[in-house]
Amino acid sequence: MDALLADLREFLANALPAWRAKWPDQDTWEAKLDWQRTMAEGRWTTATWPEEFGGRGLGTMEMLAIEDVVAQYGAPQIPGMIGVKNVAPTLMRFGNDEQRKSVAKIANTDEFWCQGFSEPGAGSDLASLRTRAVIDGDEFVINGQKVWTSNGMYATHMQLLARTDPDAPKHKGISAIIVPIDTPGLEVRPIKQINGGAEFAEVFFTDVRVPVANLIGPLNEGWNVTMTTLGHERAGVAVFAGRLEQRIRNLVEDVTKSDTQISPIIADELAEFYVESRVLGMMGRQMLAKIAGGVAPGSESSVIKMVWSELSQRVDTTVMELAGIDGITGDANDAKVGYLTARSATIAAGTSDIVKNIIGDRVLGLPRD
Amino acid sequence: MNSSTTSASERADFRASLRDFFTDTSPETRVREVIASDSGIDEAAWRGLATDLGVAGLLIPEEFGGQGMGMGEMAVALEEASRALAVVPLLASGVLAPIAIQLAGDAAVNVEVLPAIADGSEIITVALIDGAGVNTVARDENGWSVYGSKTAVLNARIANRILVVATTPSGTGLFLVDAKASGLVITPQQSLDLTRPTALVTFEGVAATRIGGEYSDALKALNAYGRIAVSAELLGMSEKLMEVSVEYAKTRVQFGKPIGAFQAIKHRCSEMFAHVESMRAAVETSSLVDPADGASLHEQSLVVKAYCARFAPWVAEATIQVHGGIGFTWEHCAHLYLRRVKTDEILFGDALSCRNQLQQLLGLTA
Ligand SMILES: Cc1cc2nc3c(=O)[nH]c(=O)nc-3n(C[C@H](O)[C@H](O)[C@H](O)COP(=O)(O)OP(=O)(O)OC[C@H]3O[C@@H](n4cnc5c(N)ncnc54)[C@H](O)[C@@H]3O)c2cc1C
């Protein structure tokens, strides 16, 4: 492990300055893609993948250590997170040989994937989705609409959830299908977000035809395939926990190093965040240790998601307070954008209310309403 | 002292045997009996803990008749004892006294005192907090004498001896006095916590044995262990309260359905669960910190106590809310826990004071 991290440090010490020099504006999409390619070449984003897929075959603990070091170096997040963390593991597990060819391309950004699950009428109640895929010969004919599709504007492929059996109970008649974004009949429209970005999109399907061979896993088993996908997303919350902990350490350090006078109330808020993020980090490490020991994580991921999302929101609110007048003039742009962006923490990937329902129903066994 | 000498699975077995032990010896009816009897201690439970399970001597090295274990194991014992509201002087005599003595590093005192704690033949408590407006001092007058008063001394009335932290002409010292010594007066207080009575102890020139030398660094470490210990108690009680609340939410019916089906109740229970899991991660992690790493021990103890002291009271209060009227009755167990939780919240510093210390460590305040 020490040797691994020494390698990583050396890699970052060279690659990051080179990348920064190459991209004066590091916020551009091209710059971000380039960083992902750099990280993929080093096999650092794919460290937990088996070697046959271009990974290092490492465990989750190593991955956390890697993420920690990457965060310490202040490296940016890779833009293709959804593909790398969610889609690729699903394809490795459920995909056929042809589909699995995408895995390496997802890593090096040759392919850029999005997940088309939510619909205007199906958000928290995802299983009520209505986008239809009807088999016609050896093709699916898809009609319907998806919404809030992250990276929809940049994607080359979508992992779509569509209803393939309208008569089955709602969780049973859904299939997971690969849809290339350039398929005729598919239209992607950007949706402007409250933070000014347009990172998600709405996607319309009018008689979109894709081969039946694009089915991931068995027909009508899309719910299970997807839950595995989301399961990967949930294990990732442990990494989020570590990142938030590190972020707060950095925030505290920035505040103590700057000349700005902070009120005792803000000082106490920062101490609160410090305490709660440290505890969150401890929970994250316990969860990962469990995974490393071969035990499937249970309720931890829901608890960490709930605590993480609410805490990170509070932190961004305080960062905005710290910015004072600069927060509203935009002179402290990060604070403003961070504050606005943080509103999604309690909505995306299952709202906090839904997470609390899940803990109540599935973990505590409380009666459903 | 070690941090831990057992594996996680051995600690799980230890927990299971303690759970069984307390289920037998310390059901709520028994707890209420002892509280009402005013004896201040469940003799049978304490004897069993000391002699059958070796818990009184868990933190005491084997050469002095103990188990030679660490906070990793003791945290489990504290959780389980508090879960059961056991009326035993575990925190005072099983945790604080052995640690206070060992931190002083006085070979003669170790030999004389530790075996008596380990086998349960003596109860020793620790007097740390000065009475209002008082500075408890020790003067060397042909042997040491202690003057002053200490408040909130746990289990003082049943203690054989008392360890007192007092100001010396040159700094801080740890002193051992006999609870029956002349000049020593124990005045029981109307303690909030019915399971662990406190007292005001006054010293009018009480003859004392000084243990070790300058004690200020040791005192800092003792406080760190104290914070971890009461955090373990807060975890044990919170977990139990969460279970009691969830159970009630499943069975109490209003508007034709169990109240746990209502999200206001369900979400409160889910939040309790999240806090309990957080406390568990924090207690387990901090109880396993290597004692040799003093800075880390100090910092972790502040983090864990700041968390538990803030959220355990929230869980205890939420328990009463989930129960409605029955939760407000003397007959229901919720207040017995709330009382002990609020006491632990204060002992070794409440959340605000822990955060204040963290602010200083982090450089957020001067
Ligand atoms: C930044 C961002 C990125 C996203 N990326 C993607 C993506 O890539 N792909 C994708 O498919 N989707 C994506 N989503 C969609 C996301 O999964 C949904 O927004 C989310 O599941 C909530 O669904 P909804 O928006 O329809 O809200 P609704 O389900 O309508 O919820 C509205 C409110 O009602 C509450 N509510 C709903 N049901 C209950 C209940 N049973 N009990 C209590 N309260 C309830 C919710 O908590 C919420 O407060 C993204 C969303 C965001 C914000």
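None of these values were measured; they are calculated from a predicted model. (Residues numbered from 1 in each chain as written. Chains lettered and ligands numbered in written order. Predicted model: local features only at pLDDT ≥ 70, side-chain atom pairs only at ≥ 80, totals over all residues. Heavy atoms only, no water.)

1. Brief notes about the overall build of chain A
- Per the secondary structure count, chain A includes 13 helices and eight strands.
- The C-alpha radius of gyration computed for chain A amounts to 21 Å, which stays within 12% of the reference 21 Å derived for 369 residues, consistent with globular compactness.
- With respect to the principal axes defined by its C-alpha atoms, chain A has extents near 70 × 50 × 45 Å.
- Sequence separation of 24 or more characterises 68% of the internal contacts of chain A that already satisfy a separation of 6 or more.
- Total accessible area on chain A is roughly 16,600 Å²; 52% of this is exposed by carbon and sulfur atoms. (Helix = DSSP H or I, 4+ residues; strand = E, 2+ residues; numbered from the N terminus. Rg over C-alpha atoms; globule rule 2.2 N^0.38 Å. Contact = heavy atoms within 4.5 Å. Areas by Shrake-Rupley, 256 points an atom, 1.4 Å probe, with all protein chains shown as cover.)

2. Things to note about the site of the ligand
- Within the structure, the ligand sits among 18 residues, and A:Ser124, A:Trp148, A:Ser150, A:Thr351 and B:Gln263 are positioned closest to it.
- The residues that come close to the ligand belong to more than one chain, namely chains A and B.
- Contact distances for the ligand include 2.6 Å between an oxygen atom and a side-chain N or O atom of A:Thr351.
- Look at the ligand: alone it shows 980 Å² of surface, and the protein chains cover 65% of it.
- Taken together, the residues of the shell around the ligand sort by class into seven nonpolar, ten polar and one charged. (Near = heavy atom within 4 Å. Polar contact = N/O pair within 3.5 Å; in protein donor to acceptor, adjacent residues only side chain to side chain. Nonpolar A, V, L, I, M, F, W, Y, C, P; charged D, E, K, R; others polar.)

3. Section: the side chain of B:Thr343
- With respect to the helices and strands, the residue B:Thr343 is situated in helix H10 (residues 334-346).
- The residues contacting B:Thr343, other than those within four sequence positions of it, are B:Leu192, B:Asp193 and B:Arg196.

4. Overview of empty space enclosed by the protein
- What the rule picks out here adds up to seven cavities of 30 Å³ or more.
- For the largest cavity, the calculated volume is near 140 Å³.
- What lines the largest cavity is a set of 14 residues, among which A:Met39, A:Thr45, A:Glu67, A:Ile78 and A:Arg243 lie closest to the centre.
- Mapped by element, the contributors of at least two residues to the lining of the largest cavity are helix H3 (60-72) and helix H4 (81-94) of chain A.
- Here the lining of the largest cavity gets four residues from one element, more than from any other, and that element is H3(A).
- Partitioned by chemical class, the residues of the lining of the largest cavity number nine nonpolar, two polar and three charged.
- By volume, the second largest cavity amounts to about 70 Å³.
- B:Ser39, B:Gly40, B:Asn155, B:Ala156, B:Arg157, B:Ile158, B:Pro188, B:Pro197, B:Thr198 and B:Ala199 are the residues that line the second largest cavity.
- Across the lining of the second largest cavity, the residue classes break down as five nonpolar, four polar and one charged. (1 Å grid on protein atoms, 1.4 Å probe; cavity = no way out; pocket = protein on both sides within 12 Å on 5 of 7 lines; lining within 4 Å. Points joined across faces, edges and corners; volume = space filled by probe spheres on them.)

5. Here's the deal with the pattern of salt bridges
- All told, the structure shown has 47 salt bridges over all chains when counted by the stated rule.
- A:Arg278 is the partner of A:Glu245 in a salt bridge, and the nearest nitrogen-oxygen pair spans 3.5 Å. With A:Glu245 in helix H8 (residues 237-257) and A:Arg278 in helix H9 (residues 264-292), this residue pair connects regions lying 33 residues apart in the sequence. The same class applies to A:Glu245 and to A:Arg278, which are both buried.
- Where B:Glu299 meets A:Arg278, a salt bridge forms, and the shortest distance between an N and an O atom there is 2.6 Å. Here B:Glu299, found in helix H9 (residues 294-323), pairs with A:Arg278, found in helix H9, and the two come from separate chains. (Salt bridge = Lys/Arg side-chain N within 4 Å of Asp/Glu carboxyl O. Buried < 20%, exposed > 50% of the residue type's maximum accessible area, 1.4 Å probe, protein only.)

6. Some details on H9(A)
- The terminal C-alpha atoms of H9(A) lie 41 Å apart, and with 29 residues this matches the ideal 42 Å at 1.5 Å per residue to within 8%.
- Backbone geometry just after H9(A) places A:Gly294 at a positive phi near 85°. (Expected span 1.5 Å × (residues − 1).)

7. Thoughts on the packing of aromatic side chains
- By the definition in use, this model includes ten aromatic pairs over all chains.
- Between B:Trp144 and B:Phe175, the aromatic rings sit 5.2 Å apart at their centres with planes inclined by 55°, giving tilted as the arrangement. Within this pair, whereas B:Trp144 is found in strand E4 (residues 144-154), its partner B:Phe175 is found in strand E6 (residues 171-178), the two being separated by 31 residues in sequence. Across the pair, exposure class does not vary: B:Trp144 and B:Phe175 are buried alike.
- Seen from their ring centres, B:Tyr307 and B:Phe311 are 4.6 Å apart, and the 40° between their planes marks the pair as tilted. In this pair, B:Tyr307 and B:Phe311 are both assigned in helix H9, four residues apart and thus about one turn of the helix distant. Here B:Tyr307 matches B:Phe311 in class, with each residue buried.
- Grouping aromatic residues by their ring pairs yields a cluster made of A:Trp29, A:Phe112 and A:Tyr154.
- Across the ring face of A:Phe204, the terminal group of A:Arg189 is positioned such that the distance to the ring centre comes to 4.2 Å.
- Its end group placed over the ring of B:Tyr147, B:Arg139 keeps NZ or CZ at 4.3 Å from the ring centre. (Phe/Tyr/Trp six-rings, centres within 6.5 Å; stacked < 30°, edge-to-face > 60°. Lys NZ or Arg CZ within 6 Å of the ring centre and 35° of its normal.)

8. Let's talk about the interface of chain A and chain B
- Opposite the 35 residues of chain A that make contact, chain B presents 38 residues.
- When the two sides are added together, the surface that chain A and chain B hide from each other amounts to roughly 3,100 Å², 67% of it contributed by carbon and sulfur.
- Interface area lost by chain A to chain B is led by A:Met282, A:Leu364 and A:Leu366, which between them contribute 18%.
- Counting the contacts that link chain A with chain B gives seven salt bridges.
- Across the contact surface, chain A and chain B share 15 residue pairs in polar contact (both at pLDDT 80 or more).
- Elements that contribute at least two residues to the side of chain A that touches chain B include exactly H8, H9, helix H10 (300-323) and helix H13 (352-363) of chain A. (Buried area = accessible area lost by both parts, 1.4 Å probe.)

9. Quick word on H10(B)
All names here are of chain B.
- Between the first and last C-alpha of H10 there are 19 Å, a value that for 13 residues agrees with the 18 Å anticipated at 1.5 Å per step.
- Turning to H10, its buried residues are Ala-334, His-335, Leu-336, Tyr-337, Arg-340, Val-341, Thr-343, Asp-344 and Glu-345.
- Considering only its buried residues, H10 is in contact with helix H2 (28-37), helix H4 (71-83), helix H7 (216-251) and H9.
- Of the residues trailing H10, Phe-348 is marked for its positive phi of about 65°.

10. Observations regarding the side chain of A:Thr109
Residue and element names in this part refer to chain A.
- Position of Thr-109 among the secondary structure elements: in the loop between helix H6 (102-107) and strand E1 (113-116).
- Relative accessible area serves as the criterion here: at 11%, Thr-109 is assigned to the buried category.
- Side chain to side chain, Thr-109 and Arg-37 meet in a polar contact 3.0 Å long.
- Contacts of Thr-109, omitting those with residues within four sequence positions, involve Leu-33, Gln-36 and Arg-37.

11. Overview of the packing of H4(B) against helix H8 (residues 263-287) of chain B
All names here are of chain B.
- With their axes 8 Å apart at the nearest point, H4 and H8 run at an angle of 145° to one another. Judged by the sense of rotation from one axis to the other, the crossing of H4 with H8 is right-handed. Contacts between H4 and H8 pair Met-71, Gly-72, Ala-75 and Glu-79 from the former with Arg-280, Val-283 and Ser-287 from the latter. (Axes fitted to C-alpha atoms, helices over the stretch in contact; angles between N-to-C directions. Left-handed = near helix turned anticlockwise from the far one by under 90°.)

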